[in-house]
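Understanding the architecture of this molecule
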There are 2 protein chains.
Amino acid sequence: MSHHKTAAILVIGNEVLSGRTREANAYLAAQKLFDRGCKLGEISVVPDIQEAIVSTLNRLRDRFDAVITSGGIGPTHDDITMDAVAGSLGVTLLEHAKTLELMASHYGHDKLNDGRRRMARIPDGARPILCDKSICPGAHIDNVYVLAGVPYIFESQLDSILSDFGDSERPFIRREADVEFPESAFAKELERIQLGYRDVEIGSYPRMCGNKPCGKICLSSSNRDALDKAFEAVSAMLEELRNQT
Amino acid sequence: MSHHKTAAILVIGNEVLSGRTREANAYLAAQKLFDRGCKLGEISVVPDIQEAIVSTLNRLRDRFDAVITSGGIGPTHDDITMDAVAGSLGVTLLEHAKTLELMASHYGHDKLNDGRRRMARIPDGARPILCDKSICPGAHIDNVYVLAGVPYIFESQLDSILSDFGDSERPFIRREADVEFPESAFAKELERIQLGYRDVEIGSYPRMCGNKPCGKICLSSSNRDALDKAFEAVSAMLEELRNQT
């Protein structure tokens, strides 16, 4: 199969929208996608509401090569992601026979209650995403990857699908330069450098060091040669500023 | 004016999508909106690309009472949020006279370079959002609040607009119960409780404590009475489970 060059992350979680939980899965996935040169184009966090999940998933599926979802695949009433994904794709949910078998041998046949059976459901036509942290599978169907919200399970499932994304031989690379000037001192010149290196994404991230402006200029690219040249141009610009002051 | 009952947050930032920075502003705003009983309906993170910002802003503006944006209002080439907001609303950007005055007296007239002038631009018809952490204003126009991405400035600007959102007298309140069972042991009963308390949002957040399933059941509502009753029902359910084991 061809590897996804762009991706979006859809986080399903009232706990993030209510400020209870600081989102961690999208942050982890962003780093792993960067390291494989796969462009993460959007992160969206929506509530545990079927209509919100379906409409956001449809939008993201359409705009990006693939969508990774996080959350909402447990056994409780608020776990509706599998239903929403099936709805979005116009398929039904099926109990995955192999997962039921695994559950039966793990918990015992008599312990296969409704909650556990619920977690064995994946969309018709999906491939289960298995990992060694959970019996309950994620699901891959079309360009959607449905992963758990619990961080250690999310990470383990993510690792098992990452080879579908980008290329570990062509990662994005990042270089950063320390800045001890206000952004307004170099904004114009930095734009000139950016225009000269279309392959390189250049951002400026200011902060305060005590009462003095400081920060980082951050460059990233999958083209190492262009990155190094742009970085040299930024370094020369900063050196000249230092000489002027 | 009437207070916004629902809101969305739009984070503009390549640094979040590339995994360089763990998003913090949406997390802070989520907590503050919760404490004012304002429902945060979506968080979206998009890149520093005008089309992405405009289309997402239009979508969110349409679905929620108000949108808070974070990031992209500095002087550098990647700071295009004000342009995008003006584009979304069909207005032009104007240099804000009072801000230019403040800048001139702070930096000196001769130090008002293009970068600084760029930061004094707000959409025509907008109210500047001022705070004591930055001379450069945010902007409030229609149902959009444009705030800085630098966290300490974001927080200060956010505090100055929060009274437009929800009502501090009617906050959402949260209660949590500790759980030492797998979710499948109580999923069905928890759904029954949820159906009895439509006013209360009930979520289950499992994790592992060593090699044993554990977690929290989290309840929130702006209705204290309903919250307390639902919490009692959950506590009774857990107590019964404990007596069974």
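In what follows, the accompanying structure is described. Model, not experiment: these values are computed from the prediction.

1. A word on the pairing of strand S8 (residues 144-147) of chain B
Residues and elements named next belong to chain B.
- Side chains of S8 alternate between two faces, with Val144 and Val146 and Tyr145 and Leu147 buried alike.
- Looking at chain direction, strand S3 (residues 66-70) and S8 are connected through 4 bridges and run parallel. Opposite Ile68, over in S8, you have Tyr145 as the bridge partner.
- Both strand S7 (residues 134-141) and S8 contribute to a ladder of 3 bridges, which runs antiparallel. Counted as the bridge partner of Ala139 is Val146 from S8.
- In this antiparallel pair of consecutive strands, S7 and S8, the connection spans 2 residues, and Asp142 shows a positive phi of 55 degrees.

2. Things to note about the relation of the copies chain A and chain B
- Rotating chain A by 180 degrees and moving it 0.0 Å along the rotation axis overlays it on chain B with an RMSD of 0.0 Å. The transformation relating the two chain copies, once decomposed into turn and shift, fits a two-fold axis. Looking at the rotation axis and the C-alpha trace of chain A, the residue lying nearest is Ser44(A), at 2.2 Å.
- By residue overlap, the copies meet face to face through one surface: 100% of the interface positions of chain A are interface positions in chain B.

3. Some words on the side chain of Gln157(B)
All names here are of chain B.
- Tracing the chain through its elements places Gln157 in helix H7 (residues 151-161).
- Residue class for Gln157 comes out buried when judged on its relative accessible area of 0%.
- A distance of 2.8 Å separates the side chain of Gln157 from the backbone nitrogen of Ala148, its partner in a polar contact.
- Excluding residues within four positions of it along the chain, Gln157 makes contact with Ile129, Cys131, Cys136, Pro137, Gly138, Leu147 and Ala148.

Conventions and cut-offs
- Residues numbered from 1 in each chain as written.
- Chains lettered and ligands numbered in written order.
- Predicted model: local features only at pLDDT ≥ 70, side-chain atom pairs only at ≥ 80, totals over all residues.
- Heavy atoms only, no water.
- Buried < 20%, exposed > 50% of the residue type's maximum accessible area, 1.4 Å probe, protein only.
- Helix = DSSP H or I, 4+ residues; strand = E, 2+ residues; numbered from the N terminus.
- Pairing = 2+ DSSP bridges.
- Least-squares fit on C-alpha atoms with pLDDT ≥ 70 in both.
- Contact = heavy atoms within 4.5 Å.
- Polar contact = N/O pair within 3.5 Å; in protein donor to acceptor, adjacent residues only side chain to side chain.

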